Amino acid sequence: MPLHAPRRAALRARLRELDLDALLVTDLLNVRYLTGFTGSNAALLVAAGSDGESVFCTDGRYLTQAGAQVPDLERVIDRPCDLVLAARAAKNGCKRVGFESGHVTVEGLDGIGRAAEGVELARAPGLVEALRVVKDDAEVEALRMACAAADRALVDLIEHGGLRAGRTEREIGRELESRMLDHGADGPSFATIVAVGANSAIPHHEPTDAVLKPGDFVKLDFGALVDGYHSDMTRTLVLGRAADWQRDLYELVARSQAAGREALAPGVEVRAVDSASRRMIEDAGYGERFLHGLGHGVGLQIHEAPALSKSGEGTLSAGMAVTVEPGVYLSGKGGVRIEDTLVVRANAPELLTLTTKELVVV
């Protein structure tokens with residue numbers, strides 16, 4: 001398809017730089033990125049020379065689907081796909097073939113080696129993932145749609161009384177996920193986090209039957225899945241009247257989050273983005289209460305490169321989609337996290353999660 005051919009072309013150029021005749025792609029997300037195929041069993045042999053030499057393989061369950069989703073490549077219906085394509089590489093005269101060493105097991109590699117008799121197998125980790133870091137226009141549009149579904153679901157939840165005293169975390173989470181489906185999501189990006197009261201101080205709290213009470217923080221961390229792409233956002237609200245300490249804590253995190261967003265620019269080190277946000281919380285005396293990195297990439301996976309953290313490596317590029325999500329967590333009392341999904345742009349980051357970040361009192 002026109003959408004996927006340029007991605008394969010970029011990969012072929014990289015293979016030639018590495019003196020590889022082909023790459024055996026066995027990770028299903030990478031197969032999807034390069035072909036559009038969404039089934040549960042497939043592999044792809046990307047030839048360094050031309051797209052006409054590349055081969056896609058799946059099994060008979062997906063005969064029709066493969067024809068519709070991968071019409072522009074030679075298709076082989078057989079299994080096991082990795083071994084079939086390894087043998088094909090040998091038959092085609094490939095001398096040196098890369099494999100996705102981050103995804104292939106020791107046993108799997110033994111099988112590939114036997115199937116690709118006479119072929120040198122070379123570790124080639126992260127080649128496709130490196131391409132996936134920068135999103136193309138189609139990917140950004142899918143992310144926009146996913147973020148919009150989540151935004152609208154939250155607005156509906158608030159406007160229709162979904163956050164009221166007596167409701168449990170589980171009930172709120174189920175309604176939020178249902179409303180995302182109503183607004184076009186294929187499903188949630190991940191298990192929705194709903195944390196009320198003191199539970200909001202637990203960064204990745206799993207919803208329970210804890211009941212929402214007046215004066216509670218309500219932390220909602222959720223996202224929608226659209227066409228395989230994940231959105232991610234967190235909003236922290238208050239039920240009823242907000243106490244002074246809640247407003248102070250919220251305003252601190254909001255300033256920190258704004259600083260992180262503003263630091264997003266091509267060429268900026270990921271550590272510098274984390275530092276821009278984290279410094280504000282440290283200066284306020286809550287550095288030890290900021291318990292995680294500032295953010296992460298999003299796309300076909302909910303967590304992917306780059307990592308915005310103190311130990312993160314590399315610099316930002318235009319087109320990267322990332323989250324910015326500082327938090328302060330006061331154990332036994334409550335916590336605040338504010339998170340957006342954004343795309344790095346040359347002038348200013350593009351904000352995809354648009355629900356207000358003012359402290360909402362419901």
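Treat the numbers as computed from the prediction; the structure is a model and nothing was measured.

How two helices pack is summed up by the angle between their axes together with the distance between the axes. Look at helix α9 (residues 244-262) against helix α10 (residues 270-283): their axes get within 8 Å of each other, and the N-to-C directions meet at 160°. With respect to their mutual orientation, α9 and α10 come out roughly antiparallel. Handedness of the crossing formed by α9 with α10: right-handed. Every residue of α10 that contacts α9 at L252, R255, S256, Q257, A259 and G260 is listed here: V273, A276, S277, R278, M280 and I281. Split into classes, the residues belonging to the contact of α9 with α10 amount to six nonpolar, four polar and two charged.

In this section: the pattern of salt bridges. Scanning all chains against the criterion turns up 24 salt bridges. A single salt-bridge network, built from bridges that share partners, covers R8, R12, D51 and D72.

The antiparallel open sheet is built from three strands, whose spatial order is β8-β9-β12. Of all the strands in the sheet, the pair left with one neighbour each is β8 (193-196) and β12 (233-238). On average, each strand axis in the sheet is inclined to that of its neighbour by 10°, with strand direction left out of account. Across six bridges, the pairing between strand β9 (residues 217-222) and β12 is antiparallel. For L220, the partnering residue across the bridge sits in β12 and is R235. Along the sheet, helix α7 (residues 137-159) contacts β9 and β12; its crossing angle with β12, the most-contacted strand, is approximately 15°.

So, on to α7. Taking 1.5 Å as the rise per residue, α7 with 23 residues should run 33 Å; its terminal C-alpha atoms sit 33 Å apart, in good agreement. Looking at the residues trailing α7, positive phi occurs at G161, about 75°.

It is worth spelling out the sheet that holds strand β10 (residues 224-226) at this point. Read across the open sheet, the three strands follow the order β7-β10-β11; overall the sheet is antiparallel. Every other strand in the sheet has two partners, leaving β7 (187-188) and β11 (229-230) as the edge strands with one partner each. Direction of pairing for β7 relative to β10: antiparallel, over a ladder of two bridges. Pairing of G187 across the sheet is with L225, part of β10.

The rules behind the values
- Residues numbered from 1 in each chain as written.
- Predicted model: local features only at pLDDT ≥ 70, side-chain atom pairs only at ≥ 80, totals over all residues.
- Heavy atoms only, no water.
- Axes fitted to C-alpha atoms, helices over the stretch in contact; angles between N-to-C directions.
- Helix = DSSP H or I, 4+ residues; strand = E, 2+ residues; numbered from the N terminus.
- Parallel < 35°, antiparallel > 145°, perpendicular 65-115°, else oblique.
- Left-handed = near helix turned anticlockwise from the far one by under 90°.
- Contact = heavy atoms within 4.5 Å.
- Nonpolar A, V, L, I, M, F, W, Y, C, P; charged D, E, K, R; others polar.
- Salt bridge = Lys/Arg side-chain N within 4 Å of Asp/Glu carboxyl O.
- Pairing = 2+ DSSP bridges.
- Expected span 1.5 Å × (residues − 1).

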